[in-house]
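Coordinates in review
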Amino acid sequence: MLGPISRPSKFAPRGLPLQRSAAAQFDEVVAIEVTRLEKRLPQVVARVEFAIEDVPNLELDATEIPLTHATGGTSHEPYRIVVFRRPIELRAERSGAGLSWLVRSALVLELADVLALSPEQIDPDFDTDED
C-alpha cells in the first residue's frame, strides 16, 4: 500500500526513507572528521586512505575490540585506516560520549600512531576528555 508519505513530497523529495540509516549517519560523521583533518594537514591526510567497516575481523582469543586498524605505509601503497562502525557506536552509547568526538579521537590517535607523531601534532585541539 502506497500512502502519501511514500511518494515524493516537500518533506521527502525523493520519497522514502525519511530517515537515513545508522550506517549512513556514521559515514557522514567520518567524512566530516576526515575533511576537518584534511584541512588542517593536507599533506599528511593525502598519504592516507580511509575506509569504514561494520566490525573488525577478530581472532577468537581477542581480548580487546579495536575502533580502528591501520595497514600499508610502504613505498608502493599508502597507509589505509579502517574505522569500525559498530564498536564505535556501541562505545559511544555506553560511555555517553558523542559519536563525532569518539570518531575524531579514534582517527587522531590512529594517525598519530601510524605517522609516529603526537596526537597534538595531528590535531592541536586534541583532548582525551570529551568536552
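Let us look at the structure shown here. Sequence order as written defines residue numbering, which begins from 1 separately in each chain. Local features in this predicted model are restricted to residues of pLDDT 70 or higher, and side-chain atom pairs are both shown and tallied only at a pLDDT of 80 or more, whereas totals for entire chains, interfaces and linings draw on every residue. Computation of side-chain values covers all heavy atoms of the structure but excludes hydrogens and water.

**Topic: the overall build of the protein chain**
Cut-off, in case you're wondering: The helix and strand labels rest on DSSP assignments: H or I over at least four residues marks a helix, E over at least two residues marks a strand, and numbering proceeds from the N terminus. Using a 1.4 Å probe on the protein chains alone, a residue whose accessible area is under 20% of its type maximum counts as buried, one over 50% counts as exposed, and one in between counts as partly exposed. By definition, residues are in contact when any of their heavy atoms lie within 4.5 Å. Calculation of accessible area relied on Shrake-Rupley with a 1.4 Å probe; when residues are assessed, cover is drawn exclusively from the protein chains displayed.
In terms of regular secondary structure, the protein chain is built from five helices and three strands. In the protein chain, the succession of α and β elements from N to C terminus is α-α-β-β-β-α-α-α. With 131 residues in all, the protein chain has 32% of them scored as buried. Looking at the protein chain alone, contacts between residues at least 24 apart form 56% of all its contacts between residues at least 6 apart. Here the protein chain displays about 8900 Å² of accessible surface, and carbon together with sulfur accounts for 53% of that area.

**Overview of the side chain of S105**
Take S105: it is sitting in helix α4 (residues 99–115). Sequence-distant contacts of S105, defined by excluding residues within four places in its chain, comprise F126 and D127.

**So, the pairing of strand β3 (residues 79–84)**
Cut-off, in case you're wondering: Strand pairing requires that DSSP identify at least two bridges connecting the strands.
Across six bridges, the pairing between strand β1 (residues 48–53) and β3 is parallel. Of the residues in β3, the one forming a bridge with E49 is R80. Where strand β2 (residues 68–71) lies against β3, four bridges are found, and the strand directions are antiparallel. Residue pairing in the sheet places A70 in a bridge with I81 of β3.

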